[in-house]
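Chain and residue survey
Each chain is listed here by its residues.
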Amino acid sequence: MVLTDKQEKFCQEVVKGLNYSDAYRKAYGTEKMKPATVNRKAKELADNGKIAARVRQLRERALKRYDLTVDDIIDELEEARSVAAKNRTAAAMVSASMGKAKLLGLVTDKFDGTLNTVSTVKIEVVD
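Let us look at the structure shown here. All values derive from a computational prediction rather than experimental measurement.

Now for the overall build of the chain. For the chain, the count of helices and strands is 6 helices and 2 strands. Starting at the N terminus, the α and β elements of the chain follow one another as α-α-α-α-α-α-β-β. Of all 127 residues assigned to the chain, the portion counted as buried reaches 21%. For the chain, contacts bridging at least 24 residues in sequence account for 34% of all contacts bridging at least 6. For the chain, the computed accessible surface area is about 9500 Å², with 53% contributed by carbon and sulfur atoms.

Time to look at helix 1 (residues 5–15). Residues of helix 1 that are buried include every one of Gln7, Phe10, Cys11, Glu13 and Val14, and no others. The arc that holds the buried residues of helix 1, viewed along the axis, is 165 degrees, so those residues lie on one side.

One can find arginine 54 in helix 4 (residues 49–65). When its relative accessible area of 12% is taken as the criterion, arginine 54 is described as buried. A distance of 2.5 Å separates a polar atom in the side chain of arginine 54 from a polar atom in the side chain of glutamine 57. Excluding residues that lie within four positions of it along the chain, arginine 54 makes contacts with Met1, Leu3, Glu8, Cys11, Gln12 and Arg61.

Quick notes on the rules
- Residues numbered from 1 in each chain as written.
- Predicted model: local features only at pLDDT ≥ 70, side-chain atom pairs only at ≥ 80, totals over all residues.
- Heavy atoms only, no water.
- Helix = DSSP H or I, 4+ residues; strand = E, 2+ residues; numbered from the N terminus.
- Buried < 20%, exposed > 50% of the residue type's maximum accessible area, 1.4 Å probe, protein only.
- Contact = heavy atoms within 4.5 Å.
- Areas by Shrake-Rupley, 256 points an atom, 1.4 Å probe, with all protein chains shown as cover.
- Arc of directions from axis to C-beta.
- Polar contact = N/O pair within 3.5 Å; in protein donor to acceptor, adjacent residues only side chain to side chain.

Below, the structure is given as structure tokens:
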């Protein structure tokens, strides 16, 4: 399957997590296009069989590359927390604990678009 450079860029951006319209904007010069036109062209591109196959291929490759489970990451963070506790480095302990909490969905980051900052919001779990 042979794609143009712009089609490949579109596929790469979709796999990175952009929606089709934003991926189209990144891959193609859209400065003079109306948003509706960008959306339509992005949809047409996404519906192209070669494009869809390439996106699937890239996603499968990414999944194989990061063959980790949540349990693997939790184990690593717990190991890091144990080392930090032995070394009496509170900041490292907190960092490992927060990593676990975020991974488990107990803490989420909330984007504040007006300040371009990220703040942590605690979500309490009630038994």
